[in-house]
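What follows is each chain in one-letter form.
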Amino acid sequence: MTFVVTKTPGQAPSETEILSMEARFRRHDATVGIIGLGYVGLPLARTAASRGFKVLGFDVDAEKVGMLNAGRSYIRHVPSEALQALRERQLFAATADFSRLTEADAILICVPTPLDRHREPDLSYIENTTREIARHLRRGQLIVLESTTYPGTCAEVVRPILEGGGMCCGKDFFLAYSPEREDPGSLDFNTASIPKVVGGDGAAAQRLAVALYDELVVKTVPVSSLQTAEAVKLTENIFRAVNVALVNELKVVYAAMGIDVWEVIEAAKTKPFGFMPFYPGPGLGGHCIPIDPFYLTWKAREYGIATRFIELAGEINTNMPRYVVDQLTQALDQTQQRGLKGSRILVLGIAYKKNVDDVRESPALRLIEMLEARGAEVQFYDPFVPEIPRTREHPTLRGRKGIAWSTGVLAGFHAALIATDHDAVDYAALAAAVPLVVDTRNACERNGVKAANVVKA
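What counts and what doesn't
Residues numbered from 1 in each chain as written. Predicted model: local features only at pLDDT ≥ 70, side-chain atom pairs only at ≥ 80, totals over all residues. Heavy atoms only, no water. Helix = DSSP H or I, 4+ residues; strand = E, 2+ residues; numbered from the N terminus. Rg over C-alpha atoms; globule rule 2.2 N^0.38 Å. Buried < 20%, exposed > 50% of the residue type's maximum accessible area, 1.4 Å probe, protein only. Patch = residues over 30% accessible without salt bridge, like charges linked within 9 Å, V, L, I, M, F, W, Y side chains within 5 Å. Areas by Shrake-Rupley, 256 points an atom, 1.4 Å probe, with all protein chains shown as cover. Salt bridge = Lys/Arg side-chain N within 4 Å of Asp/Glu carboxyl O. Pairing = 2+ DSSP bridges. Axes fitted to C-alpha atoms, helices over the stretch in contact; angles between N-to-C directions. Phe/Tyr/Trp six-rings, centres within 6.5 Å; stacked < 30°, edge-to-face > 60°. Contact = heavy atoms within 4.5 Å.

### Considering the overall build of the protein chain
And step 1. For the protein chain, the helix and strand inventory stands at 15 helices and 13 strands.
And step 2. Expected size for 457 residues packed as a compact globule is a radius of gyration near 23 Å; at 24 Å, the protein chain falls within 12% of this value.
And step 3. Dimensions of the protein chain along its principal axes, counting C-alpha atoms only, are 80 × 50 × 40 Å.
And step 4. Put simply, the protein chain has 457 residues, and 53% of those count as buried.

### A look at the environment of Gly170
And step 1. If you trace the backbone, Gly170 turns up in the loop between helix H6 (153-163) and strand S6 (174-177).
And step 2. The sequence separation of Gly170 and Val253 amounts to 83 residues, and the corresponding C-alpha distance is 54 Å.

### Let's talk about a nonpolar patch on the surface
And step 1. Judged by side-chain polarity, Val253, Met257, Ile259 and Val264 come together as a nonpolar surface patch covering roughly 310 Å² of accessible area.
And step 2. Checked against the element boundaries, Val264 lands in helix H9 (residues 261-268).
And step 3. In this structure Val264 comes out as partly exposed when scored by relative accessible area, which is 31%.

### Remarks on unusual backbone geometry
Most peptide bonds adopt trans geometry, and most residues besides glycine take a negative phi value.
And step 1. A positive phi angle is found at Gln90, which is not glycine, with a value near 60 degrees.
And step 2. Tracing the backbone through its elements, the reader meets Gln90 in the loop between helix H4 (80-88) and strand S3 (92-95).
And step 3. Among the residues examined, Gln90 registers a relative accessible area of 66% and is labelled exposed.

### Observations regarding the sheet that holds S3
And step 1. If you walk across this open sheet you meet the eight strands as S3-S2-S1-S4-S5-S6-S7-S8, and the pairing is mixed. Every other strand in the sheet has two partners, leaving S3 and strand S8 (220-222) as the edge strands with one partner each. For this sheet, the mean inter-axis angle between neighbouring strands, taken without regard to orientation, is 25 degrees.
And step 2. Here strand S1 (residues 31-35) runs beside strand S2 (residues 54-58); their pairing, made up of five bridges, is parallel.

### Details of the packing of aromatic side chains
And step 1. Tallied over the full model, the rule gives five aromatic pairs.
And step 2. Ring centres 5.0 Å apart and planes at 45 degrees place the aromatic pair Tyr150 and Trp298 in the tilted group. Separated by 148 residues along the polypeptide, Tyr150 in the loop between strand S5 (142-145) and H6 and Trp298 in helix H10 (residues 292-301) bring together distant segments of the chain.
And step 3. For Tyr150, a relative accessible area of 5% translates into the label buried.

### Here's the deal with helix H2 (residues 41-50)
And step 1. Among the ten residues in H2, eight count as buried, and that is most of the element.
And step 2. Those residues of H2 not exposed but buried are Gly41, Leu42, Pro43, Leu44, Ala45, Thr47, Ala48 and Ala49.
And step 3. Those residues of H2 that are buried are in contact with S1, S2, helix H3 (62-69), H4, S3 and strand S4 (106-109).
And step 4. One or two residues past the end of H2 sits Gly52, with phi positive at roughly 100 degrees.

Here it is, written out as structure tokens:
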């Protein structure tokens, strides 16, 4: 059954009608539409359907839609078996037909928010999606944006588009913001076990969004406004970006002093207060941490404020691949008296973080391009990424296939560069077969491998 607010256009729904809508969410007697079936949308769809909601997933990629309706997942941490079970119970279906948005009582937007070539926010996915919703908007629907963005996006971009057809926010439909919080590859957290921040455009929207998310996740955290909820997500990711930049800078400083930054961090984290461990690496990856801070720096300029700290952190993290290439070059010269040109280099790990198959913004892709630009012959191995998929920033790498793992193949490289520290790798075999291993993640030592040919970078 589809609920429709019975008031005339522009007239606020009554308390009885709001209570009725809340009750339907509490009873799971509602259809949830999710737009964007990627690393955020598909786990969310699985969670909602497993709670008994009827879920309709929308995506412009017809191939993805076909796979999902056949019960086949393209995301590692959403098993195909789980999708098949939901399909059999008729709780989940995928479609590219956006006219079916009218069937949904709540529409959750989970589309990308990248940066453009000038490192400014690209809201085209949000804008196009919102226009599609506006074409099929019916009275009584709850619209929730989950995509990470700058404070003001819902009020300044999403709401005007939705109201363009003559309906009024807070009276004919309801708008909220609840930022996604995913931790791909984590064994400790999944969509349902992570609290959700919820900000509504008015009290009614807040109540409805809380009623829905209360049934999806372990805890909801209501905040006072759309803008506050948008700021919460940016704050979380900026916090991580800044702290990773700090340890990356410390790594460079301590390396010059002959001090192992990983040993320093392990000792420092024994302090039970006032310290939180972050770890260095070859750069930042994933859709959030390398991108989201720049959404705030862009918006801050509107208010004449310079975000120097955030921009400095971005500069440090962006420069880490260059530092790693320099360290590899120096190690090759010192151990084999050879330069990068003509050297055969194995990049170990293409995913942006361990134990996932997600390559978005992965520093490993930039490392490959930088090494090849300096004349190296580069191949890669990743147990979760057998072939490099299409990416916006590195189109020329699309379709490259990883090597087959064997002692004989490994022995053919002059050096291995560990960019991602997957658990499913035999680091002892790597160190035994390759004459030089440059480790940006301290993976070898953490796995009990201490060898003279392993260099930390």
